[in-house]
Each structure stands twice: as structure tokens, then as C-alpha cells.
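# Understanding the architecture of this molecule
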Amino acid sequence: MQFDELIAEAKAVRLRAYAPYSHFPVGAAILGRSGRIFTGCNVENLSFGLTICAERGAVCAALAAGERDFVAMAVVADSREPVTPCGACRQVLAEFAPEMEICSANLHEVRFSARVIDLLPRPKAGILDNP
Ligand code: THU
């Protein structure tokens with residue numbers, strides 16, 4: 001997978017993040033099987049727990065546009081280490097694309113790639129599995 005275009009999209013949408021509390025803008029871009037790319041940025045709230053991460057924003061944009069089948073995702077932040085999705089986002093990503101590869105990058109092109117299933121093993125085991 002060539003991540004350059006996805007990283008460029010994530011970097012661009014990161015500039016639209018609403019992060020007045022953390023001052024840590026994040027951008028994400030997800031590639032659908034159709035070839036379309038959807039983007040998201042973090043949207044914070046004064047009630048901190050309501051913050052929506054960039055990754056979930058991108059997934060919601062894709063679903064709303066009719067895309068549910070995902071090939072790859074990129075996440076960009078201005079961090080020393082590339083930022084990998086938080087636990088909540090891993091669970092949401094696993095709902096649709098456990099095999100998807102995510103490439104995290106910082107602004108200095110340091111990258112880290114991993115599949116969702118390797119970031120969050122057994123994401124659905126036992127849930128609603130009544131005897
Ligand atoms: N954040 C993301 O949007 N994605 C990540 O992968 C890590 C964290 C956001 C949430 C919050 O607005 C800020 O970064 C600091 O945690």
C-alpha cells in the first residue's frame with residue numbers, strides 16, 4: 001500500500017481540526033474500496049469527554065456517503081512519535097475493517113503502520129453472544 005496520498009489528505013484536513021483545549025490537531029484519511037477518500041479531524045468540546053477523534057470523524061463521513069468497505073487509513077499529528085488511534089477508535093475501526101492497515105505519520109515523515117486487528121485483538125469476542 002502506498003500511503004503518500006492518504007497522508008497528504010490527512011495532513012490537509014488536520015488544519016481544520018477544532019482543538020482549542022489540547023492544542024493537538026489531528027487529521028485522518030480513509031480509503032474506501034470504491035477508491036474514494038474520506039477525511040476527518042478532531043473536534044473537541046468544553047465537556048472534554050465529548051471530543052470526537054479524527055479517525056472516527058473520517059469513518060462517519062465515509063458511512064454517511066455510503067462507503068463501508070475500507071482499504072487503508074492514514075493519521076497525521078505533530079507529535080514526536082506517530083500517533084496511533086485511541087482505544088475507542090480502534091473498536092470503531094474494527095467494526096468495519098479489522099484487516100485494514102493504518103499508517104500513522106508525524107510532520108517529519110516518521111511513520112508507523114499496523115493492522116487494526118493487531119492494535120486491538122479480539123474486538124468482538126463474546127459481545128451479544130448469548131448462550
Ligand atoms: N486524538 C485524535 O483525534 N486521534 C488520535 O489518534 C489521538 C488523539 C485527539 C483527541 C483530542 O482532541 C486530542 O487529539 C488530544 O488527545
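Here is a short report on the structure shown in this document.

Neighbouring strands of a sheet are bound in pairs by backbone hydrogen bonds; such pairs are parallel or else antiparallel. In space, the 5 strands of this open sheet follow the order β2-β1-β3-β4-β5, with mixed pairing throughout. Two strands lie at the open edges of the sheet, namely β2 (37-41) and β5 (111-115), each paired on one side alone. Between one strand axis and the next, the sheet turns through 15° on average, direction left out of account. Across 7 bridges, the pairing between strand β1 (residues 26-32) and strand β3 (residues 70-77) is antiparallel. Bridge pairing in β3 links G27 to V76. Here helix α2 (residues 54-64) sits on the sheet in contact with β1, β2 and β3, set at roughly 140° to β2.

If you trace the backbone, I102 turns up in strand β4 (residues 101-105). Separated by 11 residues in sequence, I102 and S113 have C-alpha atoms that sit 5.5 Å apart. In this structure I102 touches M73, V75, P85, L93, F112, S113, A114, V116 and L119, once residues within four positions along its chain are discounted.

Turning our attention to the packing of aromatic side chains. Centre-to-centre distance and the angle between the planes together describe a pair of aromatic rings. In total, this model carries 2 aromatic pairs according to the counting rule given. With centroids separated by 5.6 Å and ring planes inclined at 45°, the aromatic side chains of Y21 and F48 adopt a geometry described as tilted. Residue Y21 is found in the loop between α1 (4-14) and β1, and its partner F48 is found in the loop between β2 and α2; the two are separated by 27 residues along the sequence. According to the relative accessible area criterion, F48 is exposed, its value standing at 57%.

Looking at the ligand, the residues that line it are S22, F24, V26, N42, E44, T51, C53, A54, E55, V83, T84 and P85. In this structure, A54 approaches the ligand through a main-chain N or O atom, which is 2.9 Å from an oxygen atom. A distance of 2.5 Å separates an oxygen atom of the ligand from a polar atom in the side chain of E55. In the complex, 79% of the free accessible area of the ligand, which totals 370 Å², lies under the protein chains. Residues of the shell around the ligand, tallied by class, amount to 6 nonpolar, 4 polar and 2 charged.

So, how was this worked out
- Residues numbered from 1 in each chain as written.
- Predicted model: local features only at pLDDT ≥ 70, side-chain atom pairs only at ≥ 80, totals over all residues.
- Heavy atoms only, no water.
- Pairing = 2+ DSSP bridges.
- Helix = DSSP H or I, 4+ residues; strand = E, 2+ residues; numbered from the N terminus.
- Axes fitted to C-alpha atoms, helices over the stretch in contact; angles between N-to-C directions.
- Contact = heavy atoms within 4.5 Å.
- Phe/Tyr/Trp six-rings, centres within 6.5 Å; stacked < 30°, edge-to-face > 60°.
- Buried < 20%, exposed > 50% of the residue type's maximum accessible area, 1.4 Å probe, protein only.
- Near = heavy atom within 4 Å.
- Polar contact = N/O pair within 3.5 Å; in protein donor to acceptor, adjacent residues only side chain to side chain.
- Areas by Shrake-Rupley, 256 points an atom, 1.4 Å probe, with all protein chains shown as cover.
- Nonpolar A, V, L, I, M, F, W, Y, C, P; charged D, E, K, R; others polar.

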